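Breakdown of the fold
Each chain, letter by letter, is given below.
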There are 2 protein chains.
Amino acid sequence: MSDTVKVLIWGFGAMGSGMARALLGKTGVEISGICDMHPQRRGKSMLEVLKMNSGGADSAGAGTGGSAGPGYPRDVVIRESIEEAMEDARDASIALLATDSFTRKAYEKIITLIEAGYNIISTAEEMAYPAAGEPELAGKIHENAAKAGVTVLGTGINPGLIMDLLVVMMTGACLDIDHIQAERVNSLSPFGPAVMEEQGVGLSPEEFRRGAQDGSLAGHVGFQESIGMIADALGWKLSAPIRQSMEAIVTGVPRRTEYASVEPGDVAGCRMEGHGEVDGVTRIEMLHPQQIEPEAEGIETGDYIRIKGTPNINLQIKPEVPGGIGTIAMCINMIPHVINASPGLKTMLDLPVPRAILGDMREMIHQ
Amino acid sequence: MSDTVKVLIWGFGAMGSGMARALLGKTGVEISGICDMHPQRRGKSMLEVLKMNSGGADSAGAGTGGSAGPGYPRDVVIRESIEEAMEDARDASIALLATDSFTRKAYEKIITLIEAGYNIISTAEEMAYPAAGEPELAGKIHENAAKAGVTVLGTGINPGLIMDLLVVMMTGACLDIDHIQAERVNSLSPFGPAVMEEQGVGLSPEEFRRGAQDGSLAGHVGFQESIGMIADALGWKLSAPIRQSMEAIVTGVPRRTEYASVEPGDVAGCRMEGHGEVDGVTRIEMLHPQQIEPEAEGIETGDYIRIKGTPNINLQIKPEVPGGIGTIAMCINMIPHVINASPGLKTMLDLPVPRAILGDMREMIHQ
């Protein structure tokens, strides 16, 4: 059996800390370094930030982390600089990068990690299929990774699984396909202020319209990636740039969550649509309304895949696979596949299917 | 771009001929040899048997097939002996083997194809995860394939996708799992006499009971494979042999199909269940009632996956993905993945996700 899998985590927000917590519950894997610049986290110990403090962590320790008491995992200090975190994680074979949504923003970090010899899993939505939006950067990442002998993957729940990889897999049961529709109706209620801002929750419809027009509202990042991934997988050549639209979901009733509160007439979420054309015909359609407290207006959440072809396939998941846990799970569950893969930039199309890791992670590493 | 993908087909019944018909509609792939012993097919030309006869086929031709007119595909003669078919298909890189359900029965054929240097896709249900039921033969197939530098895969709709690979993929969105239930409620109406006999359709309940007891009724072949695949994927160690049960579905109303006709009190199908235990607890449960004309008694067909874990996942496909087309699609859609794979015996767990091939198959071949 191979050695314990050692992991470096860059970015210790909701995703990074969630991955750490999940990894601490697994066998055959260990966290050996963490980088996060946030003033409330840097310099603290991982277990302290996760509120799992054993009392044994040494937040001013020597970099390899304090030795926690028996039954407690090895603790590590959260470093402000990636150089220090990489020094702590000299033994790590893989880095989880949970800092950005866009390939362009994550790019320098990815190159830094590649040059230091880490395999990488990125949560950046655009990295789920970077060739779609950033072909030049994708090429450079591939080249650098291949040269360094490491593998780079972007994944998450969406993009990464629900509106793309799952669609692709279901087409595997088809001989022919006319049209694909993927719809994800989900709740934003569990999310914090950053997501509320991205999705325009709490704005007036007029403010939302301005934000959509001037590009300051991000909405869902991933249609370009999901549509590009599906088209490439099937061998469809997109005949036009992907069209996207974004509309406010205006609430008719008050809706409240821990982080947001909207009154009738306010924006409770963002409805996005995306269209991919092949030879002038829309073949791939994405529908993705995201909002807080959808049940307040009787909206049932769910994931839906509707394939018109030979045969038709009509799939639903109700309620939807939750985004936060789902992304955390996808990232940690792909660790063995990324370590096992040949060097270069990979996508979910290239690797074996994700699977929950319930046994010893070391048994999943080849060689 | 690589050369046209050339295919040998062994077994030209419903599955083999369906694969041929599907391949003839694809680009970048060609059928170069066919073997089938059936008196109604051997010696005839492929296009004749497929009722696509161009008039240009030469059924007494020189082995490489007659040259059909423009717009018609290259025709081939269906050979009674595999040696002759392999001679026709000297240029083929992959063989589709659609002759058996059991690994033991397909074994000699697989070895013959391996020794002749073909990559192989088998429709045999047990070959979808041969390590579960025939670990010794699986080991030998792997060894021989690795030595010969070819790849061997078993696949189909079920086992192969619905009750195993799709389940595994959905666990990829999970951090933890307590219990998995996969249910497939499907119609046997499109199937012919062989399937009716396997499933006991048309028997009296007493005849069914005897057949189930003495093993002459096959029912669904694949629970051992699907449960084994899921357990291995997740790192669960099964603590007991897989338990299976088989019961008659007795109809209360008359039901008719092209190939079967049952009266109230007769057997209209077969309900199978399978259970996989981990540490004495049932963790994996398979429910699979198959019958003709289920709607006659108000039964809706569908595929259902219910995962109890973090998070819960509740997936359904309604109606079910049809078995015949689905198996044909899975086999031909996996051709590029098998050609691209490293040598040895592979399972669906090892390869990238299946996907419909709508473009040129040559573009999917690496190198």
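Residues numbered from 1 in each chain as written. Chains lettered and ligands numbered in written order. Predicted model: local features only at pLDDT ≥ 70, side-chain atom pairs only at ≥ 80, totals over all residues. Heavy atoms only, no water.

Remarks on the sheet that holds strand 6 (residues 151-154) of chain A
All names here are of chain A. To keep it simple, the criterion reads: DSSP-based pairing: two strands are paired if at least 2 bridges between them are found. Only DSSP runs of H or I covering at least 4 residues are called helices, and only runs of E covering at least 2 are called strands; the numbering of each starts at the N terminus. Contact between two residues is taken to exist if any of their heavy atoms lie within 4.5 Å; hydrogens are not considered. Interaxial angles span 0 to 180 degrees and are taken between N-to-C directions of axes, which are lines fitted to C-alpha atoms, for helices over the stretch in contact.
Pairing within the open sheet is parallel, and its seven strands lie in the order 3-2-1-4-5-6-15. Each edge of the sheet is formed by a strand with only one pairing partner; in this case those strands are strand 3 (78-79) and strand 15 (344-346). Two elements, strand 6 and strand 15, share three bridges in a ladder whose sense is parallel. Counted as the bridge partner of Thr151 is Gly344 from strand 15. In the packing of helix 1 (residues 14-24) onto the sheet, the strands contacted are strand 1 (5-10), strand 2 (29-35) and strand 4 (94-97), and the crossing angle to strand 2 comes to about 155°. Together, strand 1, strand 4, strand 5 (119-122) and strand 6 form the strand contacts of helix 4 (residues 103-115), whose direction differs from that of strand 4 by roughly 170°.

Observations regarding the pattern of salt bridges
Rule in force here: Whenever Lys or Arg places a side-chain nitrogen within 4 Å of a carboxyl oxygen from Asp or Glu, that contact is recorded as a salt bridge. Burial classes follow relative accessibility: with a 1.4 Å probe on protein chains only, a residue under 20% of its type's maximum area counts as buried, one over 50% as exposed, and anything between as partly exposed.
What the rule picks out here adds up to 38 salt bridges over all chains. For Glu80 of chain A, the salt bridge goes to Arg42 of chain A, with nearest N and O atoms at 3.5 Å. You can see Glu80 of chain A sitting in the loop between strand 3 and helix 3 (82-88) and its partner Arg42 of chain A sitting in the loop between strand 2 and helix 2 (46-49), a full 38 residues away along the chain. Its relative accessible area of 35% is what places Arg42 of chain A among the partly exposed residues. Residue Arg209 of chain B pairs with Glu206 of chain B through a salt bridge whose shortest N-O separation is 2.6 Å.

Concerning the pairing of strand 12 (residues 281-291) of chain A
The buried fraction of strand 12 of chain A amounts to eight of the eleven residues, a majority that puts the element mostly inside the structure. The hairpin turn running from strand 11 (residues 267-278) of chain A into strand 12 of chain A, its antiparallel successor, is two residues long, and Asp279 of chain A in that turn takes a positive phi close to 50°.

Things to note about helix 10 (residues 223-234) of chain A
Residues that lie three or four places apart on an α-helix share one face, since the helix turns once every 3.6 residues. Residue and element names in this part refer to chain A. Threshold: For a helix, the expected span equals 1.5 Å multiplied by the residue count minus one.
Here helix 10 spans 16 Å end to end across twelve residues, near enough to the 16 Å set by a 1.5 Å rise per residue. Most of helix 10 is tucked away: ten of the twelve residues are buried. Restricting attention to buried positions, one finds in helix 10 the residues Phe223, Glu225, Ser226, Ile227, Gly228, Met229, Ile230, Ala231, Ala233 and Leu234. Of the surrounding elements, those touching the buried residues of helix 10 are helix 5 (130-133), helix 7 (165-171), strand 7 (176-187), strand 8 (243-250), strand 11 and strand 12. Looking one or two residues past helix 10, Gly235 carries a phi angle of roughly 85°, positive in sign.

Quick word on the relation of the copies chain A and chain B
Quick reminder of the rule: Superposition of the copies used a least-squares fit over C-alpha atoms from residues whose pLDDT is at least 70 in both.
For the pair chain A and chain B, the superposition axis carries a translation of 0.0 Å, the fit reaches an RMSD of 0.0 Å, and the rotation angle comes to 180°. The relationship between the two copies is best expressed as a two-fold rotation axis. Closest approach to the rotation axis among the C-alpha atoms of chain A is made by Pro352 of chain A, whose C-alpha sits 2.2 Å away. An overlap of 100% is found between the interface residues of chain A and their copies at the interface of chain B, pointing to a shared contact surface.

As for the UniProt feature "domain: 2,4-diaminopentanoate dehydrogenase C-terminal" (unreviewed entry) in chain A
Note the cut-off: UniProt positions are given in the numbering used here, feature names are shortened, and annotations may be inferred rather than shown by experiment.
UniProt tags residues 161-366 of chain A as "domain: 2,4-diaminopentanoate dehydrogenase C-terminal" (unreviewed entry). Segment residues 161-366 of chain A splits into 26% helix and 31% strand. End C-alpha atoms: 24 Å apart.

Remarks on the packing of helix 1 of chain A against helix 11 (residues 323-333) of chain A
All names here are of chain A. Here is the rule we go by: Here roughly perpendicular refers to angles of 65 to 115 degrees, roughly parallel to angles under 35, roughly antiparallel to angles over 145, and oblique to all remaining angles. In this scheme the handedness of a crossing depends on how the near helix is turned from the far one: anticlockwise by less than a right angle means left-handed, clockwise means right-handed.
Relative orientation of the contacting elements helix 1 and helix 11 amounts to 60°, with a least axis distance of 9 Å. In terms of orientation, helix 1 lies oblique with respect to helix 11. As for the relative orientation of helix 1 and helix 11, their crossing is right-handed in sense. For the pair formed by helix 1 and helix 11, the contact residues are Ala14, Met15, Gly18, Met19, Ala22 and Leu23 on the first element and Gly324, Thr327, Ile328, Cys331 and Ile332 on the second.

What about the environment of Lys237 of chain A?
Among the structural elements, Lys237 of chain A can be located in the loop between helix 10 and strand 8. Note on Lys237 of chain A: relative accessible area 53%, which makes it exposed. Non-local contacts of Lys237 of chain A, meaning those with residues more than four positions away in its chain, are made with Glu277, Val278 and Asp279 of chain A together with Glu363 of chain B.

A few points about the sheet that holds strand 14 (residues 313-317) of chain B
Strand order across the open sheet formed by twelve strands is 8(A)-11(A)-12(A)-7(A)-13(A)-14(A)-14(B)-13(B)-7(B)-12(B)-11(B)-8(B), with mixed pairing between neighbours. Each having just a single partner strand, strand 8 of chain A together with strand 8 (243-250) of chain B make up the two edges of the open sheet. For this sheet, the mean angle separating the axes of adjacent strands, direction not counted, is 10°. Contacts from helix 9 (residues 205-214) of chain A reach strand 8 and strand 11 of chain A, with the element oriented near 165° to strand 8 of chain A.

Looking at the interface of chain A and chain B
A common way to state how big an interface is: give the accessible area lost once the parts meet. We apply this condition: Note: buried area is the sum, over both parts, of the accessible area (probe 1.4 Å) each one loses when the two are combined. Under this definition, polar contacts are N or O atom pairs within 3.5 Å; protein pairs additionally need one hydrogen-donor-capable and one acceptor-capable atom, and for neighbouring residues in sequence, both atoms have to be side-chain atoms.
Taken together, the contact between chain A and chain B spans 51 residues of the former and 51 residues of the latter. Of the roughly 3,900 Å² buried between chain A and chain B, counting both surfaces, carbon and sulfur atoms make up 67%. Broken down residue by residue, the surface that chain A buries against chain B is led by Met169, Leu175 and Leu358 of chain A, which jointly contribute 18%. Counting the contacts that link chain A with chain B gives two salt bridges. Our count for the chain A to chain B interface comes out at 19 residue pairs in polar contact (both at pLDDT 80 or more). When contributions to the side of chain A that touches chain B are tallied by element, the ones reaching two or more residues are helix 7, strand 7, helix 10, strand 14 (313-317) and helix 11 of chain A. Considering each element in turn, the side of chain A that touches chain B owes the most residues, seven residues, to helix 11 of chain A.

Concerning the packing of helix 4 of chain A against helix 6 (residues 135-148) of chain A
All names here are of chain A. For clarity, the cut-off: Residue classes follow a fixed rule: Ala, Val, Leu, Ile, Met, Phe, Trp, Tyr, Cys and Pro count as nonpolar, while Asp, Glu, Lys and Arg count as charged, and any other residue, Gly among them, counts as polar.
It is at 10 Å that the axes of helix 4 and helix 6 come closest, and there the two elements cross at 10°. Taken together, the axes of helix 4 and helix 6 are roughly parallel relative to one another. Contact residues: Thr103, Arg104, Tyr107, Ile110, Ile111, Ile114 and Glu115 in helix 4; Leu137, Lys140, Ile141, Asn144, Ala145 and Ala148 in helix 6. Looking at side-chain class alone, the contact of helix 4 with helix 6 contains eight nonpolar, two polar and three charged residues.

Regarding the confidence of the model for chain A
Residue and element names in this part refer to chain A. Worth spelling out the cut-off: Note on scores: pLDDT gives the predictor's confidence for each residue, bounded by 0 and 100.
In this model, chain A carries a mean pLDDT of 94, and residues with pLDDT of at least 70 account for 95%. In the predicted structure, residues 56-70 sits below a pLDDT of 50 and forms 24 contacts with residues beyond four places in sequence or in another chain. For this predicted complex, the interface score ipTM comes out at 0.94, while the overall pTM is 0.95.

Examining the domain arrangement of chain A
Residue and element names in this part refer to chain A. Spelled out, the test is: Just so you know, the domain bounds were taken from an automatic or database domain assignment.
Domains assigned within chain A are domain 1 (5-156 + 325-364) and domain 2 (165-321). Domain 1 and domain 2 are separated by 27 Å when their C-alpha centres are compared. There are zero salt bridges connecting domain 1 and domain 2. Between domain 1 and domain 2 we count one residue pair in polar contact (both at pLDDT 80 or more) in total.

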